[in-house]
Amino acid sequence: MTVQERPGAAYRPTPPPAWKPRTDPAPLLPDPEPYRVLGTDAAAGADPQLLLRLYAELVRGRRYNAQATALTKQGRLAVYPSSTGQEACEVAAALALEERDWLFPSYRDTLAAVARGLDPVQALTLLRGDWHTGYDPREHRIAPLCTPLATQLPHAVGLAHAARLKGDDVVALAMVGDGGTSEGDFHEALNFAAVWQAPVVFLVQNNGFAISVPLAKQTAAPSLAHKAVGYGMPGRLVDGNDAAAVHEVLTEAVGRARRGGGPTLVEAVTYRIDAHTNADDATRYRGDSEVEAWREHDPIRLLEKELTGRGLLDEDTVKAAGDAAEAMAAKLRERMNADPVLDPMDLFAHVYAEQTGQLREQAAQLRAELDAESGEGTHGAEGDAR
Amino acid sequence: MSTATARQAKPATMAQALQRAMRDAMAEDPSVHVMGEDVGTLGGVFRVTDGLAKEFGEERCTDTPLAEAGILGTAVGMAMYGLRPVVEMQFDAFAYPAFEQLISHVARMRNRTRGAMPMPITVRVPYGGGIGGVEHHSDSSEAYYMATPGLHVVTPATVDDAYGLLRAAIASDDPVVFLEPKRLYWSKADWSPEAPAAVEPIGRAVVRRQGRSATLITYGPSLPVCMEAAEAAQAEGWDLEVVDLRSLVPFDDETVCASVRRTGRAVVVHEATGFGGPGAEIAARVTERCFHHLEAPVLRVAGFDIPYPPPMLERHHLPGVDRVLDAVARLQWEAES
C-alpha cells in the first residue's frame, strides 16, 4: 500500500460539545448607584403612613441602641454591638416581612428582632450573659442571634426551601455584615439558594468595617451586591441610611421570593457610627472626619427632612416618637436592672432530648454541690422548685 | 420462584441494609429527606442511597451542590422547619468543611434554645480505612465528634445493626453522627432485605462473644478483627469476650464495666489514632469504674499516631489480629516489684 492511495479529506476539527454560559435570565447586575428614595422624585410615591411608621421605629431604635450601650457601662450587659447609624436597615428588615416569614439575624441585629416585635429583654438575653437565646425561635420566627459569621445564611436557605417543599409561601430574610461576605458559608448559602431557587433574601449591611478592617481590604469586588451575578441571582444596591429605599427594595425582593422568583442579594450601604462593640476603640482605625460625614447622612435626619419638607412632621409627632422611645428605654432599664435568676441544673436539661447516663451522673454531682452550698445560704429553694 | 423469594434467599450487605433503613424511614415519615452530593441519580458513590430518588422523587432525595458546610447548614434550616434531614458526607475527611455547622449549630441548637429547637438531623459519614482509598478517604474521625456535647455518635458493625441503628438515628430528635465503616459495606449476613427488621435503641453495647479471661472492647470496622482474634486466642488458652460498643455517645458504661468486672482484663481496639483517641476515654472510664477488678492495666490497640497512610502501607497501620493478640499476651501482667 502506498503512503497515500487516495487524497485524504481535508482536516476538519470536530466542533466542541455545545456549551455556553447562561445568559438568561437577563441582567442580574446591580445599578452602580445605590438606590435612594428620600430627597429624590421617588419620594413622592412613598406612602406617608409608612414614612411616619419608619420614623417612629428609627427614633425608638436609636434610643434602644443608646440604652443598651449604657447598660454595658453599668455591667448589665456583657457586650453590645450597637447598630447606631444602621437603624434604617434593621427597621426596614423587620417591616418588610409578613408574620409567617422568618428572620435570621446576626449578633448585631438585635434591633431588627425588636422591631419585629420581640420583647427587648428576651432579645438581649444572649448579650446579657443569661441563656443563649431568650425566646422560642419558632414562636417569633426569629432564629437565634448568630455569633459565628454567615453561618446562619445556609439555615435561612434550608428553612425557606423546606417551607416551599411543604407548600407554604414563607420567605426567609438573612442578615449579614460586610465582613461576613468573605466567609465560605456566605458563598455556599448563596449558591444553594440560587440552585434551589429558594425564597430567601440576603441583606448585607455594609457598614464599612469588619471590626477594624475596611471594605477595601475585605473584597476586591466592585460592590458586594455585584457578587450576586456569579450565583445567578439579582443583586441590588441600596442606600442603607434611606429607610424608605431599604424598605422598598426589601419588600420587592421578599415579594419576588414569595412569588417563586428566587433569591435576591441586597447590599445596603451604611455606616457603623459607634465602635464594633463597647470593647472596641474605633479611633485606632478611622478618622473623625469620616464619621462626621456619615453623621450628616444620618437615617433619622434624612427621614425628618423628607417628612418636614412634605409637611408631615409636626412638633407633636416628634414629641410622641421621642416620648415612646423614652418610655421603652425606661422600662428596659428597669427590667434589665433586676438580677436574673438562673437555675444551675438547667446546664444539663437541654443537651439531649433525654439525658445520657453520663450527664445524669454529672447532674447529680452538681445537685450535691448546690445542696452543700445551700447550707451556707447561697442557693435557695427557688432553684429546687423548677 | 418470585423475585422477592429469590432476593430473600440471598444474604444482604450492610450497604443494602442502610439503604432499606432510609427507604423504610422515608416511606413511614414524609418529613424524612435524604440529601448530599451524588445521593440522587447515582445512588451514592457506595450505592447506599440507590433507588431513593427514583422512589421518593428528587425533592426528598436531593443531589446538592458540592459543599459540605452548605449541605449541613441548609439541613439545619430544614430541621428548623420540621423536616428530618439525613445528610451524607460521602467520605470521612470530606466532612471537615461542615465542622463549624456541626459544632456551632447542629450540636448546640437544642441547648441554646432551651429545648425549643431540636435538631433531628442524621449525618451519615462513611469512615475508616482498609479499602485502598487515596488520601482523605480513610480517616477515623470519631474522637472529634465524641468531644462535642449535643451529638450522638453511632457506628454499626453488623448488617442488622446497620438497619436497626440507622432507623433509630433517623427517628431520634437529636443529631446523630452515624459512622458507617466503609470496609464493611459489602459484608454480608443472612438478613433479608424484605423481612421485618428490628430498630435498635441507641446507647447500648452488646456482647458479641462471651468469654472469661479478658474483654476486647471495640466497635465498627474493628469488630470482625476482634472476633477473629478471639477465635485465634482460644489456641493460646485465652477465652476472650468481645463487646461491640455500637454507640460511642452515649457510652454504655454498664455493659462494658460488667464485662470487665467479669474478666478482670480489657483491651480497647480501634483503628482511629490512639493519642487522644476514643480508646483513651474508654480506658480511663473502665479504670475509674473497675480498678479493683482489674488484673492488668487496660491496654489500647489503635492506629498509629500518624496521618492516615497511603493505601500501599495501610495494612501496617490498621490494627490487625496479630496486634490484638500481642496486646492480649501483655495482659498476663505482673507488677514490677
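Basis of the calculations
- Residues numbered from 1 in each chain as written.
- Chains lettered and ligands numbered in written order.
- Predicted model: local features only at pLDDT ≥ 70, side-chain atom pairs only at ≥ 80, totals over all residues.
- Heavy atoms only, no water.
- Helix = DSSP H or I, 4+ residues; strand = E, 2+ residues; numbered from the N terminus.
- Rg over C-alpha atoms; globule rule 2.2 N^0.38 Å.
- Buried < 20%, exposed > 50% of the residue type's maximum accessible area, 1.4 Å probe, protein only.
- Contact = heavy atoms within 4.5 Å.
- Areas by Shrake-Rupley, 256 points an atom, 1.4 Å probe, with all protein chains shown as cover.
- Lys, Arg positive; Asp, Glu negative; His and termini not counted.
- Charge placed at Lys NZ, Arg CZ, Asp CG, Glu CD.
- Pairing = 2+ DSSP bridges.
- Axes fitted to C-alpha atoms, helices over the stretch in contact; angles between N-to-C directions.
- Salt bridge = Lys/Arg side-chain N within 4 Å of Asp/Glu carboxyl O.
- Core = buried A, V, L, I, M, F, W, Y, C linked by side-chain atoms within 4.5 Å.
- Phe/Tyr/Trp six-rings, centres within 6.5 Å; stacked < 30°, edge-to-face > 60°.
- Right-handed = clockwise from strand over helix to strand, strands pointing away.
- Buried area = accessible area lost by both parts, 1.4 Å probe.
- Polar contact = N/O pair within 3.5 Å; in protein donor to acceptor, adjacent residues only side chain to side chain.
- Nonpolar A, V, L, I, M, F, W, Y, C, P; charged D, E, K, R; others polar.
- Expected span 1.5 Å × (residues − 1).
- Disulfide = S-S within 2.5 Å.
- Parallel < 35°, antiparallel > 145°, perpendicular 65-115°, else oblique.

As annotated in an unreviewed UniProt entry, chain B is Alpha-ketoacid dehydrogenase subunit beta from Streptomyces pratisoli.

Q: Residues and numbers for the overall build of chain B, please.
A: Regarding its fold elements, chain B presents 13 helices and 14 strands. Computed over C-alpha atoms, the radius of gyration of chain B comes to 20 Å, within 12% of the 20 Å expected from 2.2 N^0.38 for 337 residues, which places it in the range of a compact globule. With the principal axes as the frame, chain B shows a C-alpha extent of 65 × 55 × 40 Å. Looking at the 337 residues of chain B, the share that counts as buried comes to 62%. Looking at chain B alone, contacts between residues at least 24 apart form 81% of all its contacts between residues at least 6 apart. Put simply, chain B shows about 13300 Å² of open surface, and 51% of that area lies on carbon and sulfur atoms. In chain B, which carries 31 positive and 44 negative side-chain charges, the distance between the mean positions of the two groups comes to 3 Å.

Q: Please give an account of the sheet that holds strand 3 (residues 61-63) of chain B that cites residues and values.
A: Residues and elements named next belong to chain B. The sheet built from 7 strands is open, its strands ordered 3-2-4-5-7-6-12 with mixed pairing. Strand pairing shows two members of the sheet lacking a second neighbour, strand 3 and strand 12 (247-249), which therefore form its edges. Across the sheet, the mean angle separating the axes of adjacent strands is 20 degrees when strand polarity is ignored. Against the sheet, helix 2 (residues 14-28) touches strand 2 (32-36), strand 3, strand 4 (84-88), strand 5 (122-127) and strand 7 (176-181), its axis set at about 135 degrees to strand 2. With respect to the sheet, helix 8 (residues 159-171) is in contact with strand 2, strand 4, strand 5, strand 6 (152-154) and strand 7, its orientation differing from that of strand 7 by roughly 160 degrees.

Q: Go over the pattern of salt bridges with me, naming the residues and quoting the values.
A: For the coordinates displayed, the defined rule picks out 39 salt bridges over all chains. Measuring nitrogen to oxygen at the nearest pair gives 2.7 Å for the salt bridge that ties Asp101(A) to Arg258(A). Of this pair, Asp101(A) sits in the loop between helix 2 (87-95) and strand 1 (102-104) while Arg258(A) sits in helix 11 (residues 243-258), placing them 157 residues apart in sequence. Glu241(B) serves as the salt-bridge partner of Arg262(B), at 2.6 Å between the closest nitrogen and oxygen. You can see Arg262(B) sitting in helix 10 (residues 253-263) and its partner Glu241(B) sitting in strand 11 (residues 240-244), a full 21 residues away along the chain. A cluster of three or more residues bridged by salt bridges with shared partners is formed by Glu361(A), Asp253(B), Glu281(B), Arg285(B), Glu288(B) and Arg289(B).

Q: Account for the nonpolar core, with residues named and values stated.
A: Membership of the largest hydrophobic core comes to 90 residues, with the highest contact counts inside it found for Phe202(A), Leu72(B), Tyr145(B) and Leu245(B). Leu54(A), Val91(A), Ala96(A) and Leu302(A) belong to the second-largest nonpolar core, a separate cluster that totals 61 residues.

Q: Now, about the packing of aromatic side chains: what can you tell me, with residues and values included?
A: All names here are of chain A. In total, this model carries 15 aromatic pairs over all chains according to the counting rule given. Between the aromatic rings of Phe209 and Tyr271, the centroid separation amounts to 6.2 Å while the plane-to-plane angle is 80 degrees, which identifies the pairing as edge-to-face. You can see Phe209 sitting in strand 4 (residues 209-210) and its partner Tyr271 sitting in the loop between strand 7 (264-269) and helix 12 (288-296), a full 62 residues away along the chain. On the accessibility criterion, Phe209 (7% relative accessible area) is buried.

Q: Go over the pairing of strand 10 (residues 214-218) of chain B, please, and point to the residues and values.
A: All names here are of chain B. Burial analysis of strand 10 places 5 of its 5 residues in the buried class, which makes it a mostly covered element. Neither face of strand 10 is exposed, since Ala214, Leu216 and Thr218 on one face and Thr215 and Ile217 on the opposite face are all buried. Here strand 10 pairs with strand 11 via 5 bridges, running parallel. Pairing of Ala214 across the sheet is with Leu240, part of strand 11. On the question of chirality, the crossover connecting strand 10 to the parallel strand 11 by way of helix 9 (residues 223-233) is right-handed. By the bridge criterion, 4 bridges tie strand 10 to strand 13 (residues 266-273) in an arrangement that is parallel. In the sheet register, Thr218 faces strand 13, and the bridge partner there is Val269.

Q: Explain the sheet that holds strand 2 (residues 172-177) of chain A residue by residue, including any values.
A: Residue and element names in this part refer to chain A. Read from one edge to the other, the open sheet built from 5 strands follows the order 1-2-3-7-6, with strand pairing classed as parallel. Every other strand in the sheet has two partners, leaving strand 1 and strand 6 (235-239) as the edge strands with one partner each. Neighbour to neighbour, the strand axes of the sheet diverge by 20 degrees on average, direction disregarded. Across 3 bridges, the pairing between strand 1 and strand 2 is parallel. Bridge assignment links Trp102 to a residue of strand 2, and that residue is Ala172. Most of the contacts of helix 8 (residues 184-196) go to strand 3 (residues 200-206), to which it runs at about 150 degrees, and overall it touches strand 2, strand 3 and strand 7. Where helix 11 meets the sheet, its contacts fall on strand 2, strand 3, strand 6 and strand 7, and the angle it forms with strand 6 comes to roughly 155 degrees.

Q: Break down the interface of chain B and chain A for me, with residues and values.
A: Residue-level contacts link 47 residues of chain B with 43 residues of chain A. By the criterion of area lost to chain A, the three top residues of chain B are Tyr81(B), Arg112(B) and Arg114(B), representing 21% of everything that side buries. Put simply, chain B and chain A have 2 salt bridges between them. Linking Asp346(A) and Arg114(B) is a salt bridge whose minimum nitrogen-to-oxygen distance equals 2.2 Å. One can count 21 residue pairs in polar contact (both at pLDDT 80 or more) joining chain B with chain A. Where the side of chain B that touches chain A is concerned, the elements lending two or more residues are strand 2, helix 4 (68-80), helix 5 (99-106), helix 6 (109-112) and helix 11 (278-290) of chain B. Broken down by element, the side of chain B that touches chain A gets its largest block of residues, 11 residues, from helix 4 of chain B. Among the residues making up the side of chain B that touches chain A, the classes are represented as 20 nonpolar, 16 polar and 11 charged.

Q: Hey, could you go over helix 8 of chain B for me, with residue numbers and the actual values?
A: Residues and elements named next belong to chain B. Helix length check: helix 8 (13 residues) gives 19 Å between terminal C-alpha atoms against 18 Å at 1.5 Å per residue, within 8%. With respect to burial, helix 8 is a largely interior element, 11 of its 13 residues being buried. Within the span of helix 8, buried status applies to Val159, Asp161, Ala162, Tyr163, Gly164, Leu165, Leu166, Arg167, Ala168, Ala169 and Ile170.

Q: Explain the state of the cysteines to me, using residue names and the numbers behind them.
A: Counted under the stated rule, the structure contains 0 disulfides over all chains. Unpaired in this structure, Cys146(A) has its nearest cysteine sulfur neighbour in Cys89(A), at a distance of 18 Å.

Q: Can you explain the side chain of Thr219(A)? Please cite residues and give values.
A: All names here are of chain A. Position of Thr219 among the secondary structure elements: in the loop between helix 9 (215-218) and helix 10 (228-231). For Thr219, a relative accessible area of 16% puts it in the buried group. In this structure the side chain of Thr219 is engaged in a polar contact, spanning 3.0 Å, whose partner is the backbone nitrogen of Ala221. Excluding residues that lie within four positions of it along the chain, Thr219 makes contacts with Leu224 and Lys227.

Q: Go over the packing of helix 4 of chain B against helix 5 of chain B, please, and point to the residues and values.
A: All names here are of chain B. In the contact formed by helix 4 and helix 5, the axes pass within 8 Å of each other and the chain directions differ by 25 degrees. With respect to each other, helix 4 and helix 5 are oriented roughly parallel. Where helix 4 abuts helix 5, its residues Ala69, Leu72, Gly73 and Val76 lie against Gln101, Leu102 and Val106. Its residues placed into classes, the contact of helix 4 with helix 5 shows 5 nonpolar, 2 polar and no charged.

Q: Break down unusual backbone geometry for me, with residues and values.
A: Residue and element names in this part refer to chain B. Backbone torsion omega between Val249 and Pro250 reads -5 degrees, so that peptide bond is classified as cis. Phi is positive for His136, which is not a glycine, with a value near 75 degrees. If you trace the backbone, His136 turns up in the loop between strand 5 and helix 7 (142-146). On the accessibility criterion, His136 (45% relative accessible area) is partly exposed.

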